[in-house]
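Topology and contacts: notes
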Amino acid sequence: MNTNPAPRILVVDDELGIREGCRRILCAEGFEVDLAEDGLGGYEKLKANRDYAAALIDLKLPGMNGLELIEEIRKIDNDITLFIITANATIETAVEATKRGAYNYIPKPFTPEELLLAVRNGLEKRSLALEARRSNEQREKQLLELAFERSKSKSILNCMTDGVIVVNRQRQIVLRNSAASRIITELAGFNMPASLDEAIKNQDLKELLVDILETTTDNVIRTKEITLDKSTYMANATPLYSLDRENLGVVTVLRDITALKKLEIAKSMFVSMVAHEVKRPLTFIENKLASVFENIKDNELAEEKEILCGAVNRLNLLNTMVDELISLAAIETGQFALKRSSLNIEQIIAQVLQSEENNARLKDIHLSVRIDESIKGEQVLADGKAMAVVFGNLVDNAIKYTPTGGKIEVGIDNGGIYITVSVKDNGIGMSEDEKERVFEDFYRVKNEYTVNVPGTGLGLSLVKRFIDLHNGRISVQSQPGLGSIFKVSLQKI
């Protein structure tokens, strides 16, 4: 259904017959028509109503003639389509009328078809002209908005303290903000676009950018610590996609974390120093308690012996926490050195199970091992002591969180290029939220089942760090009441 209003047309002629004839013809075609019998009357109607689409004006009018009326109309409305209707048309009057703003002239007498054809042509031209003007205005508005957005984006980028670099598929740097030019000093000397290979000399940063340019993975963000001019930056890079998911390039943000790294190292060194200072008196106390414990006869001082047993257990827990703190601090400060060698995982697991056998027996827990025959003799390149800590922690945790009479199975499986070790229990399990945090420093699951379970909350955090140092993978599957499965994957030699 067409909801546009019918075009409105003004007819100005001193002959009643012409006025009425035009009105009947035009109204029959759906136009709205107003009439005026002289130039001044026509002018007043146009002044009072600016929504006329066209006007038919007699050339010879009393008072203000047609040419004068056209000239005055053009001063107040430049979009109206004007026609001269006259019985005395000449080339000179036609040219003069056109100069003053008339679209066409219609010689009298005219048939209804001639009138309607001229009016329709004129209105169609007017409609096209108005649409073209609207399109131009819209385009200019969009260009202004685009220019404003570009200016705004540029201002925002240059106000950022983080460096921003954009690289296109042709390995050209097409955008960099002021902070990026300050961080990468050689970049400041290049005009955009600049060759990535020429403008970026840092290999770590270049490899990160190229890696993202070549990625086919959606919604990926790669993070890498990069050293530039004695400062440390966290580089976050992600691909730029078009609407049809074509990889157009990569945007990278460089954030200065030098102060944070120094603070982190200082904190780790402080923790390491305190842990070492605590270790000596703990060792002294442990030795003295062991000496006293050995000198008590089995049938004497039973109550005192029980107290000493509790003290020794707590001391062992404290010793474990100190050892874990020392190891974590060494890793964080870069002072931990892995001594990698060819390692048989089966032997490490056997040693761990042997050392945990007594703890399992005290809770009547059945310990078992399952080995995939296809990996017999396979080895990994790893630090033996670190692996003993990793699997010792996992088995010890399984024993702690499995009720009396439970089962724990350690599986050694073939994972392609990996050897995968799983520690499966039928213990208390974990919720989704607890699984998300289980590898955090000092995090322990707290509920009615764990209230009496000793622990530091550092064991699994240390396990995760050791596995990361070996470029391995660790994951956990768990459900409350159904137990947990921790899986560690280490690459084969």
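Above: the structure in question.
We now turn to the structure provided with this report. What you see is a predicted model; the values in this text were computed from it and never measured. (Residues numbered from 1 in each chain as written. Predicted model: local features only at pLDDT ≥ 70, side-chain atom pairs only at ≥ 80, totals over all residues. Heavy atoms only, no water.)

**Topic: the pairing of strand S15 (residues 407–415)**
- In terms of strand pairing, strand S13 (residues 366–371) meets S15 through 6 bridges, oriented parallel. Each bridged residue has a counterpart across the sheet, and for Arg370 the counterpart in S15 is Gly411.
- By the bridge criterion, 8 bridges tie S15 to strand S16 (residues 418–425) in an arrangement that is antiparallel. Across the sheet, residue Ile408 finds its bridge partner in S16, namely Asp425.
- Remark: 2 residues form the turn of the hairpin made by S15 and S16, two consecutive strands paired antiparallel; Gly416 in that turn has positive phi of roughly 75°. (Pairing = 2+ DSSP bridges. Helix = DSSP H or I, 4+ residues; strand = E, 2+ residues; numbered from the N terminus.)

**Quick look at the nonpolar core**
- In this structure, Met387, Val390, Phe391 and Leu394 are the most contacted members of the largest nonpolar core, which totals 40 residues.
- Counting only elements with at least two residues in this core, the list comes to helix H11 (345–362), strand S14 (380–383), helix H12 (384–400), S15, S16, helix H14 (459–469), strand S17 (473–479) and strand S18 (483–491).
- It is H12 that contributes the most residues to this core, 8 residues altogether.
- Beyond its immediate stretch of four places on either side in the chain, Phe391 contacts Ile345, Ile348, Ile349, Val352, Val421, Val488 and Leu490.
- Among the nonpolar cores identified, the runner-up in size contains 25 residues, and Ala194, Leu205, Ile226 and Ala235 belong to it. (Core = buried A, V, L, I, M, F, W, Y, C linked by side-chain atoms within 4.5 Å. Buried < 20%, exposed > 50% of the residue type's maximum accessible area, 1.4 Å probe, protein only. Contact = heavy atoms within 4.5 Å.)

**What about the sheet that holds S18?**
- The strand order across the open sheet formed by 5 strands is S13-S15-S16-S18-S17, and the pairing between neighbours is mixed. Of all the strands in the sheet, just S13 and S17 have a single pairing partner and so form its edges. Ignoring which end each strand starts from, the neighbouring axes of this sheet average 15° apart.
- Pairing of S17 with S18, which is carried by 7 bridges, proceeds in the antiparallel orientation. Across the sheet, residue Ser475 finds its bridge partner in S18, namely Lys487.
- Along the sheet, H11 makes contact with S13, S15, S16 and S18, crossing S13 at roughly 170°. (Axes fitted to C-alpha atoms, helices over the stretch in contact; angles between N-to-C directions.)

**Section: H14**
- Taken together, the buried positions of H14 are occupied by Gly459, Leu460, Ser461, Leu462, Val463, Phe466 and Ile467.
- Asn471 sits one or two positions beyond H14 and adopts a positive phi of about 55°.

**Quick word on the sheet that holds strand S4 (residues 81–86)**
- Spatially, 5 strands are ordered S2-S1-S3-S4-S5 in an open sheet, and the strand pairing comes out parallel. Sheet topology places strand S2 (32–36) and strand S5 (104–107) at the edges, where each strand pairs with a single neighbour. Each neighbouring strand pair of the sheet contributes to a mean axis angle of 20°, computed without reference to strand direction.
- Sheet topology note: the strand S1 (residues 8–12)/strand S3 (residues 54–58) ladder contains 4 bridges and is parallel. Across the sheet, residue Leu10 finds its bridge partner in S3, namely Ala55.
- Across the sheet, helix H2 (residues 39–48) touches S1 and S2, and the angle it forms with S1 is around 160°.

**Remarks on the environment of Arg465**
- Within the secondary structure, Arg465 is located in helix H14.
- Note on Arg465: relative accessible area 23%, which makes it partly exposed.
- It is 9.8 Å that separates the C-alpha atoms of Arg465 and Ser327, two residues lying 138 residues apart in sequence.
- Among the polar contacts listed, one links the side chain of Arg465 to the side chain of Ser461, at a separation of 2.6 Å. (Polar contact = N/O pair within 3.5 Å; in protein donor to acceptor, adjacent residues only side chain to side chain.)

**Let's talk about unusual backbone geometry**
- Backbone torsion omega between Lys108 and Pro109 reads -10°, so that peptide bond is classified as cis.
- Looking at the element boundaries, Pro109 is found in the loop between S5 and helix H5 (112–159).
- Looking along the chain, the bond that leaves Met192 and enters Pro193 is cis, with omega of -5°.
- Mapped onto the fold, Pro193 is located in the loop between helix H6 (178–183) and strand S8 (194–195).
- Of note in this structure, Arg171 is not a glycine but carries a positive phi near 60°.

**Some thoughts on the pattern of salt bridges**
- Tallying each qualifying case throughout the model produces 27 salt bridges.
- The shortest N-O distance in the salt bridge between Asp211 and Arg222 comes to 2.2 Å. Residue Asp211 is found in helix H8 (residues 203–213), and its partner Arg222 is found in strand S9 (residues 222–228); the two are separated by 11 residues along the sequence.
- What you see here is one network of salt bridges that share partners, running through Asp13, Glu15, Asp58 and Lys108. (Salt bridge = Lys/Arg side-chain N within 4 Å of Asp/Glu carboxyl O.)

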